[in-house]
Amino acid sequence: MLAARLLSGLRPHLPQARFHGIGGPKMIEQGLESHWPMDQLTVRGLLPVLLRYRELKGIQNQLRDQLLAERPAAFIGADYPGFNLGLEEQLKAAGIPTVHYIGPQIWAWRGGRIKKIQRAVSHMLVVFPFEEEIYRKAGVPVSYVGHPLAELIPLTPDVVAARRQLGLAEDASVVTIMPGSRMSEIKYNTVAFMQAAKLLLQRDRTLRFVAPMAGERQKQYFLQLVAQAGLQDIEIQLLDGQSHTAIAAADAVMVASGTASLEVALFKKPMVIAYRMMELEWQILRHFGYQPWIGLPNILAREFLVPELLQHDANPQALADAMWKQLSDAPHRERLVQRFTDMHHSLLRNSAAESAAAVLKVIERTK
């Protein structure tokens, strides 16, 4: 989505340009030739990456050799720093301008990565306003281009329309459950989230549950885990995609940490952010953080606006208790709407135009 918006901004200025590399359906719609399916690179977590290292490194080397031979006007790495920064470092050393879209979260963990960024990146495009100063101080040319989600999500969501679309009563109490889009996230979050839903139903039998699924594979895995845990009696409406509709329709959201938590904030919804992972991975990663928050809404606010429950703390009872407060505390809900509205305004830019303008300047400087 992010890179597709950037391509949409570039295309009018470079009508004859060839865009190619690795991308998903939205990028392909903008004219990208994708040499590998983007899903082939979709892997999250330290151990899963290690298990597929040889395969991923092979793709990176093939793309590098192709680009070194072709010498494009610019290389744009969209997110995925573990793959893109190593590639960018080799390309920049060979004189090919490199742009990285979405700064790695060096403000959250792995701050030492800034040295690699200095070697790898000709120009950094960041989506949060506080990041600009970090990269500027490090001597990395940088542009704040706004967050595309702030443009896609309306400042005032239409709750009634979303509920009508999902066949929900306008006065229903709706909880949206978002255990994650990756298979590993579904594996570790689903049962705890659904057990929490069961506990919430004991407090209010009228609650309606909705869960958007990223694809059919994720949906079937979710159903398998629910059945194995003996939770199939919990009535939940599973959606094919439609995550924004599911969030807009909700009174509160139980969400896995990640970009989805920012989406929930932009829809001005109370939430509980949670995350579970393989225990060995947790023991390794929990020592790397630089700040007390992991959820993007809390990081942007620099305080715990909404609860975060991680690993053992993300147990069914704690999740249910935290969600109940989000559903029932009216003054808290009103405060969140104002804070999330201010956050939305701070992220709102014409990201397609601004990111494209930054890339065009990089290309122009190297002519």
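For clarity, every value in this text was computed on a predicted model and none was experimentally measured.

**A short note on the pattern of salt bridges**
Point 1. Counted by the stated rule, this structure contains 15 salt bridges.
Point 2. Here Arg 18 and Glu 33 are joined by a salt bridge, their closest N and O atoms 3.1 Å apart. Of the two residues, Arg 18 is situated in the loop between helix 1 (2-10) and strand 1 (20-23) and Glu 33 in strand 2 (residues 33-37); the sequence distance between them amounts to 15 residues.
Point 3. Residue classification places Arg 18 among the partly exposed positions, given a relative accessible area of 46%.

**Description of the environment of Ala 330**
Point 1. Inspection of the secondary structure puts Ala 330 in helix 17 (residues 330-347).
Point 2. You can call Ala 330 partly exposed: its relative accessible area is 40%.
Point 3. Between the C-alpha atom of Ala 330 and that of Ala 192, which follows or precedes it by 138 residues, the distance is 26 Å.

**Some remarks on the packing of aromatic side chains**
Point 1. A full pass over the atoms with the stated rule returns 2 aromatic pairs.
Point 2. With a centroid separation of 5.5 Å and an interplanar angle of 25°, the aromatic rings of Tyr 80 and Phe 83 are classed as stacked.
Point 3. Here Tyr 80 falls in the partly exposed class, since its relative accessible area comes to 25%.
Point 4. Judged by relative accessible area, Phe 83 falls into the buried class, the value being 5%.

**A word on the sheet that holds strand 9 (residues 236-240)**
Point 1. Read from one edge of the open sheet, 6 strands run 9-8-7-10-11-12, paired in parallel fashion. At either end of the open sheet lies a strand with only one pairing partner, and these are strand 9 and strand 12 (308-310). Sheet twist, expressed as the average angle between the axes of neighbouring strands with direction ignored, equals 20°.
Point 2. Relative to strand 10 (residues 252-256), strand 7 (residues 174-178) is paired through 4 bridges, and the arrangement is parallel. When the sheet's bridge partners are listed, Val 175 is paired in strand 10 with Ala 252.
Point 3. Relative to strand 10, helix 10 (residues 183-203) is tilted by about 155°, and along the sheet it contacts strand 7, strand 8 (208-213), strand 9, strand 10 and strand 11 (271-275).

**A look at the sheet that holds strand 5 (residues 123-126)**
Point 1. In spatial order, the strands read 3-4-5-6; together these 4 strands make up an open sheet with parallel pairing. Of all strands in the sheet, those with a lone pairing partner are strand 3 (75-78) and strand 6 (142-144), marking the two edges. With direction set aside, neighbouring strand axes in the sheet form an average angle of 20°.
Point 2. Where strand 5 meets strand 6, 3 bridges bridge the pair, whose relative direction is parallel. Bridge assignment links Leu 125 to a residue of strand 6, and that residue is Ser 143.
Point 3. On top of the sheet, helix 5 (residues 81-93) reaches strand 3 and strand 4 (98-101); it is set at about 165° to strand 4, its chief contact.

**A few points about the packing of helix 10 against helix 11 (residues 216-228)**
Point 1. Relative to each other, helix 10 and helix 11 sit at 40°, their axes nearing to 9 Å. With respect to helix 11, the axis of helix 10 lies oblique. By crossing handedness, the relation of helix 10 to helix 11 is classed as right-handed. Facing Met 183, Ile 186, Lys 187, Thr 190, Val 191 and Met 194 of helix 10, the residues of helix 11 in contact are Arg 217, Gln 218, Tyr 221, Phe 222, Leu 225 and Val 226.
Point 2. Here the residues of the contact of helix 10 with helix 11 are counted per class, giving 8 nonpolar, 2 polar and 2 charged.

**Structural notes on the nonpolar core**
Point 1. Within the largest apolar cluster, 68 residues are counted, with the highest numbers of intra-cluster contacts made by Ile 117, Tyr 135 and Met 271.
Point 2. Element by element, the count of residues in this core is highest for helix 1, at 6 residues.
Point 3. Counting 33 residues, the second largest nonpolar core, distinct from the first, contains Val 175, Leu 200, Leu 207 and Ala 252.

**Considering the pairing of strand 4**
Point 1. Residues Thr 98 and His 100 point to one face of strand 4 and Val 99 and Tyr 101 to the other, with burial holding for every one of them.
Point 2. The pairing of strand 3 with strand 4 spans 4 bridges and is classified as parallel. Of the residues in strand 4, the one forming a bridge with Ala 78 is Tyr 101.
Point 3. Taken together, strand 3, helix 5 and strand 4 constitute a β-α-β crossover, and its handedness is right-handed.
Point 4. Across 3 bridges, the pairing between strand 4 and strand 5 is parallel. By the bridge assignment for strand 5, Val 99 is matched with His 123.

**Structural notes on unusual backbone geometry**
Point 1. Not every positive phi belongs to a glycine, and Lys 268 is a case in point at roughly 65°.
Point 2. The phi angle at Arg 302 is positive, at roughly 60°, despite the residue not being glycine.
Point 3. Following the sequence through the fold, Arg 302 ends up in the loop between helix 15 (296-301) and strand 12.
Point 4. The exposure class assigned to Arg 302 is partly exposed, which follows from its relative accessible area of 46%.

**Section: the packing of helix 1 against helix 18 (residues 351-365)**
When two helices pack together, their arrangement is captured by the angle between the axes and the distance separating the axes.
Point 1. Packing of helix 1 against helix 18 leaves a shortest axis separation of 7 Å and a crossing angle of 70°. Taken together, the axes of helix 1 and helix 18 lie roughly perpendicular to each other. Note that helix 1 runs across helix 18; the crossing there is right-handed. Judged by residue contacts, Arg 5, Leu 6, Ser 8, Gly 9 and Leu 10 of helix 1 engage Ser 351, Ala 352, Ser 355, Ala 356, Val 359 and Leu 360 from helix 18.
Point 2. A class-by-class count of the residues in the contact of helix 1 with helix 18 yields 6 nonpolar, 4 polar and 1 charged.

Definitions and limits used
Residues numbered from 1 in each chain as written. Predicted model: local features only at pLDDT ≥ 70, side-chain atom pairs only at ≥ 80, totals over all residues. Heavy atoms only, no water. Salt bridge = Lys/Arg side-chain N within 4 Å of Asp/Glu carboxyl O. Helix = DSSP H or I, 4+ residues; strand = E, 2+ residues; numbered from the N terminus. Buried < 20%, exposed > 50% of the residue type's maximum accessible area, 1.4 Å probe, protein only. Phe/Tyr/Trp six-rings, centres within 6.5 Å; stacked < 30°, edge-to-face > 60°. Pairing = 2+ DSSP bridges. Axes fitted to C-alpha atoms, helices over the stretch in contact; angles between N-to-C directions. Contact = heavy atoms within 4.5 Å. Parallel < 35°, antiparallel > 145°, perpendicular 65-115°, else oblique. Left-handed = near helix turned anticlockwise from the far one by under 90°. Nonpolar A, V, L, I, M, F, W, Y, C, P; charged D, E, K, R; others polar. Core = buried A, V, L, I, M, F, W, Y, C linked by side-chain atoms within 4.5 Å. Right-handed = clockwise from strand over helix to strand, strands pointing away.

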